[in-house]
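Working through the structure, step by step
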Amino acid sequence: MSLDDRVAGVSCREVLAQLGDYQDGALAADARATLEAHVGACANCAAFGGAYGGLVARLRERLAPRPLDADRAARLAARLAKGD
Amino acid sequence: MIRAAAGDRPAFAAIVDRYGGQVFHLARALVRDDATAEDVLQDTFLAAWRTAASYRGDGAVASWLYAIARHAAHRHGRRADQISTDDRSLEALGAAAGWGQPDVLAIVARGEDRAQLEAALATLPDDDRLALWLHHVLDQTFDDTAKVLGCSVAAVKSRLHRARLALAASLRQGGDHVAR
């Protein structure tokens, strides 16, 4: 097991480098297809890609901002009214 | 925003109401204690009110506020012990994040817990943490994230990839990784 292993014509090292663009939907169609062929046949990259994508989803789900609580909003309003 | 820029206080209050929570939580992610984050929150909106007249309307209000918040957070202190993830190879970051290891999926399980996720984020350099927050939590586009960070879109994409790997590594290793 090495990042230099080649599956479906591309190395795990190249997949690792392109994983961000893949996640962001920024890969060209042919590069995307190549990466997906690799991941479909490489257990290490499949597991890692799943964890990577899952982590991004957790960021959105778990850290969603909440509105200011009433006390904090009141202090902010008072500071803005005071203006200093 | 146009009315707020003209000095309309109720219009500005509506902006505070709409974006206050986002600015506070972004500040909290940057300075990591509630009292300082509240100072950043107040400084941000005070600066926004004072400079609203110069807002040119050529960008999103949110990213304008986040850029002000970023500067305010810097004024309130920045850790000196940060090591940029730019200094590490993708291979090293990938290995630390668990590529090829049987425990790699534990990252996602640990990320389910907000406290663990915040603790892992806290180990990242400021700009890595900021990029993740802006793009993934506050839904800022690559363009707007680049404006807040003061860099190119390509640099944002690269930073996000490295920051995600570093975050995964930190989660995998219990929040004691990468920036220390």
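This report concerns the structure included in the present document. Quick caveat: nothing in here was measured; it's all calculated off a predicted structure. (Residues numbered from 1 in each chain as written. Chains lettered and ligands numbered in written order. Predicted model: local features only at pLDDT ≥ 70, side-chain atom pairs only at ≥ 80, totals over all residues. Heavy atoms only, no water.)

What follows concerns the overall build of chain B. Secondary structure summary: chain B contains 10 helices and zero strands in total. Here chain B holds 180 residues, and 57% of them are scored as buried. For chain B, the share of sequence-separated contacts (at least 6 apart) that also reach a separation of at least 24 residues comes to 71%. In the structure as shown, chain B presents an accessible area of about 7,400 Å², 51% of it carried by carbon and sulfur atoms. (Helix = DSSP H or I, 4+ residues; strand = E, 2+ residues; numbered from the N terminus. Buried < 20%, exposed > 50% of the residue type's maximum accessible area, 1.4 Å probe, protein only. Contact = heavy atoms within 4.5 Å. Areas by Shrake-Rupley, 256 points an atom, 1.4 Å probe, with all protein chains shown as cover.)

Another point: the overall build of chain A. Looking only at helices and strands, chain A features four helices and two strands. From first element to last, N terminus to C terminus, chain A shows the α and β order β-β-α-α-α-α. Over its C-alpha trace chain A gives a radius of gyration of 22 Å, far above what one expects of a compact globule, namely 12 Å for 84 residues. For chain A, the spread of C-alpha atoms along the principal axes amounts to about 65 × 20 × 20 Å. Within chain A, the proportion of its 84 residues that are buried is 35%. Residue pairs in contact within chain A that sit at least 24 positions apart in sequence constitute 50% of those at least 6 positions apart. Within the structure as shown, chain A displays about 4,300 Å² of accessible surface, and the carbon and sulfur contribution to it stands at 52%. Computing the positive centroid from 11 side-chain charges and the negative centroid from 11, chain A places the two 11 Å apart. (Rg over C-alpha atoms; globule rule 2.2 N^0.38 Å. Lys, Arg positive; Asp, Glu negative; His and termini not counted. Charge placed at Lys NZ, Arg CZ, Asp CG, Glu CD.)

Within the largest apolar cluster, 82 residues are counted, with the highest numbers of intra-cluster contacts made by Phe48(A), Phe45(B), Leu65(B), Tyr66(B) and Leu167(B). It is helix H2 (residues 9–31) of chain B that contributes the most residues to this core, 11 residues altogether. The residues that make up this core include at least three from each of domain 1 (2–75) and domain 2 (85–172) of chain B. Once residues within four sequence positions are removed from consideration, Leu65(B) is found in contact with Ile15(B), Tyr19(B), Val23(B), Thr44(B), Phe45(B) and Ala48(B). (Core = buried A, V, L, I, M, F, W, Y, C linked by side-chain atoms within 4.5 Å. Domains from an automatic or database assignment.)

Tallying the contact residues gives 49 residues for chain B and 40 residues for chain A. Taken over both partners, the interface formed by chain B and chain A buries close to 4,000 Å², and the fraction arising from carbon and sulfur atoms is 67%. Per-residue buried area on chain B facing chain A is highest for Trp99(B), Arg114(B) and Arg164(B); these three make up 19% of the total on that side. If you look at where chain B meets chain A, you find eight salt bridges. A salt bridge links Arg164(B) to Asp24(A); the shortest N-O distance between them is 2.6 Å. Applying the counting criterion to the chain B and chain A interface returns 14 residue pairs in polar contact (both at pLDDT 80 or more). A breakdown of the residues in the side of chain B that touches chain A according to their chemical character gives 24 nonpolar, 13 polar and 12 charged. (Buried area = accessible area lost by both parts, 1.4 Å probe. Salt bridge = Lys/Arg side-chain N within 4 Å of Asp/Glu carboxyl O. Polar contact = N/O pair within 3.5 Å; in protein donor to acceptor, adjacent residues only side chain to side chain. Nonpolar A, V, L, I, M, F, W, Y, C, P; charged D, E, K, R; others polar.)

Next up on the list: the side chain of His161(B). Tracing the backbone through its elements, the reader meets His161(B) in helix H10 (residues 153–172). Classification of His161(B) by relative accessible area gives buried; the value is 4%. In this structure, His161(B) is in contact with Leu16(A), Ala17(A), Leu19(A), Gly20(A), Tyr52(A) and Leu90(B), ignoring residues within four places of it in sequence.

Time to look at the pattern of salt bridges. By the definition in use, this model includes 20 salt bridges over all chains. With a shortest N-O distance of 3.0 Å, Arg60(A) and Asp139(B) are connected by a salt bridge. Taken as a pair, Arg60(A) in helix H3 (residues 43–62) and Asp139(B) in the loop between helix H8 (126–137) and helix H9 (142–149) lie in two separate chains rather than in one. Among the ionic pairs, Asp34(B) bridges to Arg28(B), the shortest N-O distance being 2.5 Å. Residue Asp34(B) is classed as partly exposed on the basis of its relative accessible area, which comes to 38%. A relative accessible area of 28% places Arg28(B) in the partly exposed class. Overlapping salt bridges, with partners in common, bring together Arg58(A), Glu61(A), Arg62(A) and Glu112(B) in one network.

In this section: the side chain of Arg164(B). Structurally, Arg164(B) is set in helix H10. Given the relative accessible area of 2%, Arg164(B) is considered buried. In terms of polar contacts, Arg164(B) uses its side chain to reach the side chain of Tyr52(A), at 2.9 Å. Once you skip the residues sitting within four places of it in the chain, Arg164(B) turns out to touch Gly20(A), Gln23(A), Asp24(A), Tyr52(A), Leu55(A), Val56(A), Leu132(B), His135(B) and His136(B).

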